[in-house]
Every structure is written in structure tokens, then in C-alpha cells.
2 protein chains.
Amino acid sequence: MSETYGIAELAREFDVTTRTIRFYEDKGLLSPARKGQRRIYTPRDRVRLRLIMRGKRLGFALSEIRELIDLYDVDPSEVTQLRHFLEKIRERKAALEVQQGDIAETLEEMQRIESQCSAMLSEKQKTKSS
Amino acid sequence: MSETYGIAELAREFDVTTRTIRFYEDKGLLSPARKGQRRIYTPRDRVRLRLIMRGKRLGFALSEIRELIDLYDVDPSEVTQLRHFLEKIRERKAALEVQQGDIAETLEEMQRIESQCSAMLSEKQKTKSS
DNA sequence: ACGGACGTTGACGTTAACGTAAAGTAAGCC
DNA sequence: GGCTTACTTTACGTTAACGTCAACGTCCGT
């Protein structure tokens, strides 16, 4: 049980280079165990990497992704910390909701353009076949 | 009629520096008219700038944003171009839909964490006031 | 005619996110 | 032992997206 992965294995799975994975470690986004000198990744590390990739697709900087991921891990015991924490989460949520709106708008416009284009296309082809 | 804007004006409105706006011009994202040496921006340029900012919020590179914007402007008269064009649009749509999914997931998780946190918070405060 | 606001074009600096090359280590196979 | 394969650290290179001067033009109010 408790499967582990090598660095190249993960690199293949997520389609990044090993350099990239090590770079993320350097930035504190991952901290795999070591067996001698080599890195050993647990399923938990793998999840983190998945989260990193999702963050990247959302256009977050690595520093922000780190904060995001920490949100899942940290257990803020003090009330003050808890408040601060909640605030961070709400900031993130707000940002994401803005993004959601942006995407919706853009998708609508793309949709419009696509319809227009395919209309033009079928128009041209009618002409051609007439 | 037909209002125009100065570079600093737009910079203020979109909260970027004039350097940034000129940089976008350099990259072919904007091409304002000139009055002598100075740049004159039309409402149309302003719309483009708005699109650029939205693209940035969505995590696109400037080069991609340029392609995106061009989608609104270009009128592909040839059928081959039209097809190519449609394909591009569909690629973009697909990417955006992935992003949409990513955001939805992330938002759900944030939501969960937030609920948990605010539960913990009110719990702590009950204890405190008892 | 002068200062100040606003604008211009270079040109070099900076940060993030890796790429790439060099040189060495460790394990397994034949 | 020698080869291969996978991995390591160290270090310099690169690209995108600007920031930051420097040095100069132009218009406007006083």
C-alpha cells in the first residue's frame, strides 16, 4: 500500500519536465520525502501537483498558488489567524467570481462569432454549389 | 462627437501605466492615431484596451490576447481562412470551458473551507462567551 | 519667456518561470 | 568492471511583461 512515485513518473503524468517539479519544490510548493538523495512522492504530493496545475490553468502566479494550496493544509488554531484566513478565502473567491464573469462574457462573444462564421461558411458553399 | 482620449487618461481609467499602454502598442495590440507625435485614442481603442485587460485577468499571454482580439476584427473572406478561423475560435472556446470547470471546482472547495472555518470561528466564540 | 504638466523615444533593469548544460552519484544489468 | 538509466546539484541562459531612467518636444497659463 501507500504508493509512491519517482520524479520522472510524475513529470510524465502531468506533462511537465523534472526541472519544473524541482523548481516548484524550490519555491516551497512541494516537499517530497527523500530516500537517500532521491525524491519520493506520495499520493498527497501528487494531489498538490494537480492543484498546482489547476492554479496555473487559472492564471495564478506560483506564489498565489502556494497561498491557495496552503489554504487546504493549514489549520489555523488561533481566532485571529482564523479571521485572517477567512478573509483570504473570501478574496480568492471574489477573484474567481470575477474570472467566472469574464469567461462567461468571452464565451458569449465567441459563440456569436462562431455562429456568424458558420453562417457565412454555409452561405459561401451554397453559392459555390449553385 | 467621436470622443478621444489621451494616454494618461486611459492609463488612469484602467489602472495601468502609460508605459504599459505603449508596450501593448509595441506588441501590436493597439494602434492609436497620432496628432503630430502624440497618441490619440478613440473609443474603439478603448474597447480594445478593455478586452486586453479582460484577457489578462483570464491569464492569457499578450500574444494570445492579440489573436483573440483579432478574432473580433478580421473579416476572413476566403473560405479556407474562414475554416481556419472557426477552428481557432473552437480551440479558444474549449480552453475557456476547461477554465470554467477549474473555477467551478476551486470555488466549491473554497466554499467548503469557508463554511468549515466560519463554523470553527463561531464555535470558538461560543466557548469564549460561555 | 518661464515653469510645469503631459508626452515622446530609446535603452537598460527586473522578476517570474522555467530551459539547458555540466558534472557527479547510485542502482541494476550483463 | 563497465554500461545504461534515473536522478542529483549547481549555475548560467531565456522569454514575457513590464519598470525605470534619461533626454528631449510641446502646449498652456501667468
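All values derive from a computational prediction rather than experimental measurement.

Student: Outline the environment of Leu10(B), supporting the account with residue identities and numerical values.
Tutor: Residue and element names in this part refer to chain B. Mapped onto the fold, Leu-10 is located in helix 1 (residues 7–14). When its relative accessible area of 1% is taken as the criterion, Leu-10 is described as buried. Taking the C-alpha atoms as reference points, Leu-10 and Arg-46, separated by 36 residues in sequence, lie 7.5 Å from one another. Among all residues touching Leu-10, those that are not within four sequence positions of it are Tyr-5, Ile-21, Tyr-41, Arg-46 and Leu-49.

Student: Summarise the protein's contact with DNA strand C; cite the residues concerned and give the values.
Tutor: Inspection of the region around DNA strand C gives 17 residues, with Thr17(A), Lys56(A), Ala8(B), Arg22(B) and Arg39(B) positioned closest. Taking all atoms of DNA strand C within 4 Å of the protein, the share assigned to sugar and phosphate is 70%. Here Arg19(A) contributes a side-chain N or O atom positioned 2.8 Å from a base oxygen of DNA strand C. At a separation of 2.8 Å, a phosphate oxygen of DNA strand C approaches a polar backbone atom of Leu62(A). The set of elements that each furnish at least two residues to the surface near DNA strand C consists of helix 2 (18–26) of chain A together with helix 1, helix 2 (18–26) and strand 2 (38–40) of chain B. The element best represented in the surface near DNA strand C is helix 2 of chain A, accounting for four residues.

Student: How would you explain the relation of the copies chain B and chain A if you had to name every residue and give the values?
Tutor: Note on the copies: chain B fits chain A at an RMSD of 0.1 Å, the axial shift is 0.0 Å, and the rotation between them is 180 degrees. With respect to symmetry, the two chain copies, as superposed, fit the operation of a two-fold axis. Taking C-alpha positions as the reference, the residue of chain B nearest the rotation axis is Gly59(B), at 2.1 Å. The fraction of interface residues of chain B whose copies in chain A are also interface residues reaches 100%, indicating that both copies meet through the same surface.

Student: Go over the domain arrangement of chain A, please, and point to the residues and values.
Tutor: Domain annotation for chain A reports domain 1 (1–60) and domain 2 (74–130). Computed from C-alpha atoms alone, the centre-to-centre distance between domain 1 of chain A and domain 2 of chain A is 28 Å.

Student: Tell me what's going on with the confidence of the model for chain A, and back it up with residues and numbers.
Tutor: Considering every residue of chain A, the mean pLDDT works out to 90; 95% of them sit at 70 or more. In the model of chain A, helix 5 (residues 79–129) of chain A stands out as the element of lowest mean pLDDT, 88, in contrast to helix 2 of chain A, which has the highest, 96.

Student: Lay out the packing of aromatic side chains in plain terms, naming residues and giving numbers.
Tutor: By the definition in use, this model includes two aromatic pairs over all chains. Between Phe23(A) and Tyr24(A) the ring centres are 6.4 Å apart and the planes differ by 55 degrees, which places this aromatic pair in the tilted class.

Student: An account of the protein's contact with DNA strand D is requested, with residue identities and associated values reported.
Tutor: Residues in contact with DNA strand D amount to 17 residues; listed here are only the nearest, Ala8(A), Arg22(A), Arg39(A), Thr17(B) and Lys56(B). Looking at DNA strand D alone, sugar and phosphate atoms form 65% of those within 4 Å of the protein. Between DNA strand D and the protein, one listed contact pairs a phosphate oxygen with a side-chain N or O atom of Arg34(A) at 3.1 Å. In the model, a phosphate oxygen of DNA strand D is placed 2.5 Å from a nitrogen or oxygen of the Lys56(B) side chain. Only helix 1 (7–14), helix 2 and strand 2 (38–40) of chain A together with helix 2 of chain B provide two or more residues apiece to the surface near DNA strand D. Considering every element that reaches the surface near DNA strand D, the biggest residue donor is helix 2 of chain B, with four residues. Classifying every residue of the surface near DNA strand D gives six nonpolar, three polar and eight charged.

Student: If you had to explain the interface of chain B and chain A to someone new, which residues and values would you point to?
Tutor: Counting residues at the interface gives 40 residues for chain B, matched by 41 residues for chain A. In total, about 4,100 Å² of surface goes out of reach between chain B and chain A, with carbon and sulfur atoms giving 68% of it. Counting across the chain B and chain A interface gives ten salt bridges. The shortest N-O distance in the salt bridge between Arg57(B) and Asp102(A) comes to 2.7 Å. Only helix 3 (43–57), helix 4 (62–73) and helix 5 (79–129) of chain B provide two or more residues apiece to the side of chain B that touches chain A. Sort the elements by how many residues they give to the side of chain B that touches chain A and helix 5 of chain B lands first, with 30 residues.

Student: I'd like a rundown of the side chain of Gln99(B), residues and numbers included.
Tutor: Looking at the element boundaries, Gln99(B) is found in helix 5. Polar side-chain contacts of Gln99(B) include one of 3.2 Å to the backbone oxygen of Arg57(A). Once you skip the residues sitting within four places of it in the chain, Gln99(B) turns out to touch Arg57(A), Leu58(A), Gln99(A), Ile103(A) and Leu58(B).

What counts, and where the lines are drawn
Residues numbered from 1 in each chain as written. Chains lettered and ligands numbered in written order. Predicted model: local features only at pLDDT ≥ 70, side-chain atom pairs only at ≥ 80, totals over all residues. Heavy atoms only, no water. Helix = DSSP H or I, 4+ residues; strand = E, 2+ residues; numbered from the N terminus. Buried < 20%, exposed > 50% of the residue type's maximum accessible area, 1.4 Å probe, protein only. Contact = heavy atoms within 4.5 Å. Near = heavy atom within 4 Å. Polar contact = N/O pair within 3.5 Å; in protein donor to acceptor, adjacent residues only side chain to side chain. Least-squares fit on C-alpha atoms with pLDDT ≥ 70 in both. Domains from an automatic or database assignment. pLDDT = per-residue confidence, 0-100. Phe/Tyr/Trp six-rings, centres within 6.5 Å; stacked < 30°, edge-to-face > 60°. Nonpolar A, V, L, I, M, F, W, Y, C, P; charged D, E, K, R; others polar. Buried area = accessible area lost by both parts, 1.4 Å probe. Salt bridge = Lys/Arg side-chain N within 4 Å of Asp/Glu carboxyl O.

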